[in-house]
Amino acid sequence: MKNRSRAAAGEKDRRFVWHPFTQMRDWVREEQPVIQAARGCWLEDTNGRRYLDGVSSLWVNIHGHRKREIDRAIVRQLGKVAHSTLLGLGGAPSAELAERLVRIAPSGIEKVFFSDDGSTAVEVALKLAFQYWQNRGGRWRGKRKFVRLPNAYHGDTLGAVSVGGIGLFHKVYGPLLFRTVEGPSFYCYRCPLGKRRASCGRECLSALARLLERRGKEIAALIIEPLVQAAGGMIVAPDGHLAAIAELCRAHDVLLIADEVATGFGRTGTIFACEREGVTPDLLAVAKGITGGYLPLAATLATRRIHDGFLAPFRLKKTFFHGHSYTGNALACAAALANLDLFEKERVLERVQPKIALLARLLRRIALLPHVGDVRQCGFMAGIELVRSRRTKREYAYAARVGHRVCMRARDHGVMIRPLGDVIVILPPLSISRRELEFLCGVVERCIREETE
Ligand SMILES: *Cc1c(COP(=O)(O)O)cnc(C)c1O
């Protein structure tokens, strides 16, 4: 009976579920792992096979699965109320969480607008930035455009796609998107200006300075993933890049939107990536790790200046007319509070530092493999770019799916990872043990070698 119901889960999945970012024609042809349980950094499928969760269940998990403190916080909250609306009412867990978020955010951030996932947090940031200038009126109303960066990823809703820079995901929707201005790339391995990081004069920043000089009057905001463009291929910015961009934005009255959906909550080794370069953005989007990987929740954090730009007599209609049904959900906020408690109680940031150094050492070995073109790491986010030729940086054919093949092979060795094209991603829960991290990198090294020889 039990086996029948297990087989049935896989069968039902193939018959009824349309998976994200998945060519379903291929999906339904083979049996796929169906996860039924998890503990710590390990996932278990319906056949009882275990896999190390090497990408934190798509970059969300922080302290592992079935973390007692978060489990309990959710159960405790269930005994009070699961959900009540923030439209016209306060909520105890969301109020508490808002205060905690402001306390850990860069100084100057004072207000929290809740939503449900990274994409909506970005939509909110874009609409706030746009309306902020409209509310100000006069010549400021001409500030309507957004600067987006090549290889950026900010989510899959249409506003977020408009400021995205990944052709494969975004190009087809072109006719539906609003107009943006493209800023300079910081993908140094493939620098569009043909420079090398070690010897360049940061010509990309001068290009941005010229752009803002020329068109600042029509630009509402620049949106950036601070320190790391995650979905773009774990592209790590040079030191000081974010601070320099923040400075340019300030100088030209262009708002800075920091999308920390991937980098937030300890991923880069500090609670927020902005902290590393002493940057306070005008708007800060967070999601993924906010609940420790348990429940959907997101927030757009704002400075007082942005918030106060919406204060006006009721009749002037400067209100922010935006909100979602589950905004500030009590269960999700309870999970988020437990997540933040764990950061303190278990000194997570302190304890992850030696593991970040260990990851760097393990990556150095992987970097020696003949088809590894570039290895990029920032904290506990890492990308390994596979190339056909190291010398010319020539890519593999799209249809060869080399990255995918490496990850499928890793499953046979008990490691669950998911690539970004031909970039192999290593992004484990911050709670991973040293032994597990060594195992993860060992399997990745072996699978890259076997698939690219
Ligand atoms: C994942 C991601 C998003 C989108 O978040 P969802 O919760 O998937 O909607 C936005 N920005 C960045 C930087 C992300 O990594």
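Look a little higher up for the structure.
The structure presented is a predicted model; accordingly, all values stated were derived computationally and were not measured. (Residues numbered from 1 in each chain as written. Predicted model: local features only at pLDDT ≥ 70, side-chain atom pairs only at ≥ 80, totals over all residues. Heavy atoms only, no water.)

Caption draft 1: Representation of the sheet that holds strand β6 (residues 180-182) in the model. Strand order in the open sheet formed by seven strands is β4-β12-β11-β10-β7-β5-β6, and the pairing between neighbours is mixed. Strand pairing shows two members of the sheet lacking a second neighbour, β4 (109-115) and β6, which therefore form its edges. Averaged over all pairs of adjacent strands, the angle between their axes in this sheet comes to 25°, without regard to strand direction. Sheet analysis places strand β11 (residues 283-286) next to strand β12 (residues 298-303), joined by four bridges and oriented antiparallel. When the bridges of β12 are listed, Ala285 appears paired with Thr300. In this fold helix α5 (residues 92-104) packs onto β4 and β12, with an angle of close to 135° to the strand it touches most, β4. (Pairing = 2+ DSSP bridges. Helix = DSSP H or I, 4+ residues; strand = E, 2+ residues; numbered from the N terminus. Axes fitted to C-alpha atoms, helices over the stretch in contact; angles between N-to-C directions. Contact = heavy atoms within 4.5 Å.)

Caption draft 2: Molecular detail of a nonpolar patch on the surface. A cluster of nonpolar side chains, Leu158, Val172, Tyr173 and Leu176, forms an exposed patch at the surface whose accessible area comes to about 410 Å². With respect to the helices, strands and loops of the structure, Leu158 is situated in helix α7 (residues 158-162). In this structure Leu158 comes out as partly exposed when scored by relative accessible area, which is 43%. (Patch = residues over 30% accessible without salt bridge, like charges linked within 9 Å, V, L, I, M, F, W, Y side chains within 5 Å. Areas by Shrake-Rupley, 256 points an atom, 1.4 Å probe, with all protein chains shown as cover. Salt bridge = Lys/Arg side-chain N within 4 Å of Asp/Glu carboxyl O. Buried < 20%, exposed > 50% of the residue type's maximum accessible area, 1.4 Å probe, protein only.)

Caption draft 3: Structural view of helix α9 (residues 203-215). Across its 13 residues, α9 extends 18 Å between first and last C-alpha, which sits within 8% of the 18 Å expected from 1.5 Å per residue. The complete set of buried residues in α9 reads Cys204, Leu205, Leu208, Leu211 and Leu212. End-on, the buried residues of α9 take up no more than an arc of 115°, which puts them together on one face. Residues of α9 that are exposed and angled more than 90 degrees away from the buried face: Arg210, Glu213 and Arg214. (Expected span 1.5 Å × (residues − 1). Arc of directions from axis to C-beta.)

Caption draft 4: Region of the structure containing the side chain of Thr120. Locating Thr120 in the fold gives a position in helix α6 (residues 118-136). Given a relative accessible area of 12%, Thr120 falls into the buried group. A polar contact of 3.3 Å, which involves the side chain of Thr120, links it to the backbone nitrogen of Asp116. Other than its neighbours up to four places away in sequence, Thr120 contacts Ser115 and His324. (Polar contact = N/O pair within 3.5 Å; in protein donor to acceptor, adjacent residues only side chain to side chain.)

Caption draft 5: Spotlight on the nonpolar core. Core analysis: the largest hydrophobic core is formed by 102 residues, its most contacted members being Trp59, Ile384 and Ile448. A total of eight residues in this core trace back to one element, the largest contributor, which is helix α13 (residues 348-366). For this core, the two domains that each supply at least three residues are domain 1 (33-63 + 347-452) and domain 2 (71-345). Discounting chain neighbours no more than four positions away, the residues touching Trp59 are Ala230, Ala231, Met234, Ala262, Lys288, Leu420, Val425 and Leu427. Judged by nonpolar contacts, the second largest core, of 27 residues, contains Ala129, Trp133, Ala160 and Ala221. (Core = buried A, V, L, I, M, F, W, Y, C linked by side-chain atoms within 4.5 Å. Domains from an automatic or database assignment.)

Caption draft 6: Local environment of the site of the ligand. As a matter of local geometry, the ligand sits amid Trp59, Asp117, Gly118, Ser119, Tyr153, His154, Gly155, Glu225, Asp259, Val261, Ala262 and Lys288. Interatomic distance of 2.8 Å between a backbone N/O atom of Gly118 and an oxygen atom of the ligand. Contacts to the ligand include Lys288, whose side-chain N or O atom sits 2.7 Å from an oxygen atom. Notes on the ligand: free accessible area 380 Å², of which the protein chains cover 84%. Per-class residue counts for the shell around the ligand are four nonpolar, four polar and four charged. (Near = heavy atom within 4 Å. Nonpolar A, V, L, I, M, F, W, Y, C, P; charged D, E, K, R; others polar.)

Caption draft 7: Representation of unusual backbone geometry. Positioned with a positive phi, Met234 is a non-glycine residue whose angle comes to about 55°. Positive phi values are uncommon outside glycine, yet Lys317 reaches one of about 60°. You can see Lys317 is positioned in the loop between α11 (304-308) and α12 (330-345). By relative accessible area, which is 63% here, Lys317 ends up exposed.

Caption draft 8: Looking closely at the environment of Tyr132. Relative to the assigned elements, Tyr132 resides in helix α6. Taking the C-alpha atoms as reference, Tyr132 lies 8.4 Å from His307; in sequence the two are 175 residues apart. When sequence neighbours within four positions are dropped, the list of residues in contact with Tyr132 reads Leu255, Arg305, Ile306, Gly309 and Phe310. For Tyr132, the side chain forms a polar contact with the side chain of Arg305, separated by 2.9 Å.

Caption draft 9: Representation of the sheet that holds strand β13 (residues 372-378) within the structure. Reading across the sheet, the three strands line up as β13-β14-β16 and stay open at both edges, with antiparallel pairing between neighbours. Edge positions in the sheet fall to β13 and β16 (423-426), since each has one partner strand and no second. Ignoring which end each strand starts from, the neighbouring axes of this sheet average 15° apart. Here six bridges tie β13 to strand β14 (residues 381-386), and the two strands are oriented antiparallel to one another. Its bridge partner being in β14, Asp374 is matched across the sheet by Glu385. Its contacts with the sheet place α13 against β13, β14 and β16, and it is angled at close to 175° to β13. Contacts between helix α15 (residues 434-452) and the sheet are confined to β13, β14 and β16, with β16 contributing the most and set at about 170° to the helix.

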